[in-house]
Amino acid sequence: KQNIQNLPIDIQTSKLLDWLVDRRHCNLKWQSEVTVIREKINAAIQDMPENEEIKKLLSGSYIHYFHCLRIVEILRGTEASSKNIFGRYSSQRMKYTIKTKL
């Protein structure tokens, strides 16, 4: 018996948006929210520390989800000393990253 989780999902590209909205992966106003997200990404990019791997990730013309995850991992390592006694980051860079859920 095949594992149902390993079966591919066949979605016609013309119906992709309807499928995403129907399953609540995004809402109908996603296009208006994209500009706000892009502004937050641009603000975060301007505040990145000097790190060769981050520079390499940001040098491409397209930044995707997995680039963001790797940047957060790097920041957790470089900003680890900025945690307070409660385990929260006191660094503005990490506060912004955690708040925006990158």
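In the annotation of an unreviewed UniProt entry, the protein is listed under the name CDK5 regulatory subunit associated protein 3 and assigned to Labrus bergylta. Its UniProt record gives the protein the following Sequence similarities (unreviewed entry) comment, quoted word for word: "Belongs to the CDK5RAP3 family."

A.B. asks: Can you help me understand the pattern of salt bridges in this one?
C.D. replies: Pairing between side chains of opposite charge can happen when the charged atoms of each approach one another. Summed over all chains, the structure comprises 5 salt bridges. Residues K55 and E50 are paired through a salt bridge, measuring 3.0 Å at the closest nitrogen-oxygen approach. The class of K55 is partly exposed, set by a relative accessible area of 42%. In this structure E50 comes out as exposed when scored by relative accessible area, which is 69%. The partner of E53 in a salt bridge is R70, and the shortest N-O contact between them spans 2.7 Å. With E53 in helix α3 (residues 52–58) and R70 in helix α4 (residues 65–78), the pair connects residues that are 17 residues apart, well separated along the chain. Ionic contacts of the salt-bridge type, sharing partners, join the residues E50, E52 and K55 into one network.

A.B. asks: Whenever I open this one, the nonpolar core confuses me. Can you help?
C.D. replies: Side chains of a nonpolar character, in soluble globular proteins, are inclined to be buried together. Ranked by size, the top nonpolar core spans 7 residues in total: A44, M48, I54, L57, I71, I74 and L75. Counting residues per element, the ones that place at least two in this core are α3 and α4. Per element, the largest residue contribution to this core is 3 residues, and it comes from α4.

A.B. asks: What's the story with the side chain of N51 in this structure? I'm lost.
C.D. replies: The topology assignment puts N51 in the loop between α2 (30–46) and α3. A polar contact of 2.8 Å, which involves the side chain of N51, links it to the backbone nitrogen of E53. Engagement of the side chain of N51 in a polar contact is seen with the backbone nitrogen of I54, the distance being 3.2 Å. Residue contacts for N51: discarding those within four places in its chain leaves I74 and T78.

A.B. asks: I tried to follow the packing of aromatic side chains on my own but got confused; where do I start?
C.D. replies: Each aromatic ring pair is specified by the distance between its two centres and by the angle formed by the two planes. For the structure on display, the rule yields 1 aromatic pair. For the ring pair Y65 and F66, a centre distance of 5.4 Å and an interplane angle of 75° mean the geometry is edge-to-face. The two residues Y65 and F66 agree in class, both being exposed.

A.B. asks: How should I be thinking about α4 in this particular structure?
C.D. replies: Owing to its 3.6 residues per turn, the α-helix brings residues three or four apart onto one side. If you check α4, its first and last C-alpha atoms are 20 Å apart, about what 14 residues at 1.5 Å a residue would give, namely 20 Å. Those residues of α4 that sit buried are H67, C68, I71, V72, I74 and L75. For α4, the angular spread of buried residues about the axis comes to 165°, placing them on one side. Opposite the buried face of α4, at more than 90 degrees from it, the exposed residues are Y65, F66 and G77.

Procedures and definitions
Residues numbered from 1 in each chain as written. Predicted model: local features only at pLDDT ≥ 70, side-chain atom pairs only at ≥ 80, totals over all residues. Heavy atoms only, no water. UniProt positions renumbered as here; feature names shortened; annotations may be inferred. Salt bridge = Lys/Arg side-chain N within 4 Å of Asp/Glu carboxyl O. Buried < 20%, exposed > 50% of the residue type's maximum accessible area, 1.4 Å probe, protein only. Helix = DSSP H or I, 4+ residues; strand = E, 2+ residues; numbered from the N terminus. Core = buried A, V, L, I, M, F, W, Y, C linked by side-chain atoms within 4.5 Å. Polar contact = N/O pair within 3.5 Å; in protein donor to acceptor, adjacent residues only side chain to side chain. Contact = heavy atoms within 4.5 Å. Phe/Tyr/Trp six-rings, centres within 6.5 Å; stacked < 30°, edge-to-face > 60°. Expected span 1.5 Å × (residues − 1). Arc of directions from axis to C-beta.

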